[in-house]
Amino acid sequence: MKTAYIHCRIPFSTYNAFIVEHGRFTHVGHAQSILNQPIDQVVDLEDHVVLPGFNDAHMHLLGLGYMLSIHPLHGFKTIPELIETLKEDTRPLIEGRGFTESQFEERRVLTKDDLNQIAEDRPVLLYRVCGHLLVVNDYAIKKVIETKGEP
């Protein structure tokens, strides 16, 4: 069954109508062109906003986007391997998340001295896998003190 939905608002679009067939959007356009298609039913949405369906897997979409923009730290076997890889990052802020001390041959948490080896002229912020521990380099500490005062 083809159902035309007309007179709606679709965010970030100039279109105001669409066709759904077997549960899927098959056409999007202006009401006049949609009504020229072979359809079985017409639903007037009376200028309501239409958004795509969301299947919430409770992934915290903004957090997921942020995680995709920083370094994943879960695959490193040694701390020197992590340091050498992150040294290649040329961004003004180096961020990563996902390490745990049990992954490293050294069996210890990262320290600011480790992060100082990555960069001395820009901040380095690395989160443990749980997100409850943040390790930063001396540069990041200096910038916090400059902007916020002594802790």
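Thresholds applied
- Residues numbered from 1 in each chain as written.
- Predicted model: local features only at pLDDT ≥ 70, side-chain atom pairs only at ≥ 80, totals over all residues.
- Heavy atoms only, no water.
- Salt bridge = Lys/Arg side-chain N within 4 Å of Asp/Glu carboxyl O.
- Buried < 20%, exposed > 50% of the residue type's maximum accessible area, 1.4 Å probe, protein only.
- Helix = DSSP H or I, 4+ residues; strand = E, 2+ residues; numbered from the N terminus.
- Contact = heavy atoms within 4.5 Å.
- Pairing = 2+ DSSP bridges.
- Right-handed = clockwise from strand over helix to strand, strands pointing away.

Draft legend 1. Layout of the pattern of salt bridges. Scanning the entire structure with this criterion turns up eight salt bridges. A salt bridge links arginine 91 to aspartate 89; the shortest N-O distance between them is 2.9 Å. Residue classification places arginine 91 among the partly exposed residues on the basis of a relative accessible area of 35%. For aspartate 121, the salt bridge identified is with arginine 122, shortest N-O distance 3.3 Å.

Draft legend 2. Layout of the environment of valine 42. Mapping valine 42 onto the fold places it in strand β4 (residues 41-44). Residue valine 42 is classed as partly exposed on the basis of its relative accessible area, which comes to 44%. Each C-alpha atom, one on valine 42 and one on isoleucine 6, is 7.3 Å from the other, the two residues being 36 residues apart in sequence. Ignoring sequence-local partners within four residues, the contact set of valine 42 consists of Ala4, Ile6 and Leu35.

Draft legend 3. Main features of the pairing of strand β7 (residues 124-128). A large share of β7 lies buried, amounting to four of its five residues. Sheet topology places strand β6 (residues 94-99) next to β7; five bridges connect them, and they run parallel. Within β7, the residue paired with glycine 96 across the bridge is leucine 126. Once the chain exits β6 it traverses helix α4 (residues 112-118) before rejoining the sheet at β7, and the crossover so formed is right-handed. Of the strand pairs in this sheet, β7 and strand β8 (residues 134-136) are connected by three bridges, and their pairing is antiparallel. Residue pairing across strands places leucine 125 opposite valine 136, the latter belonging to β8.

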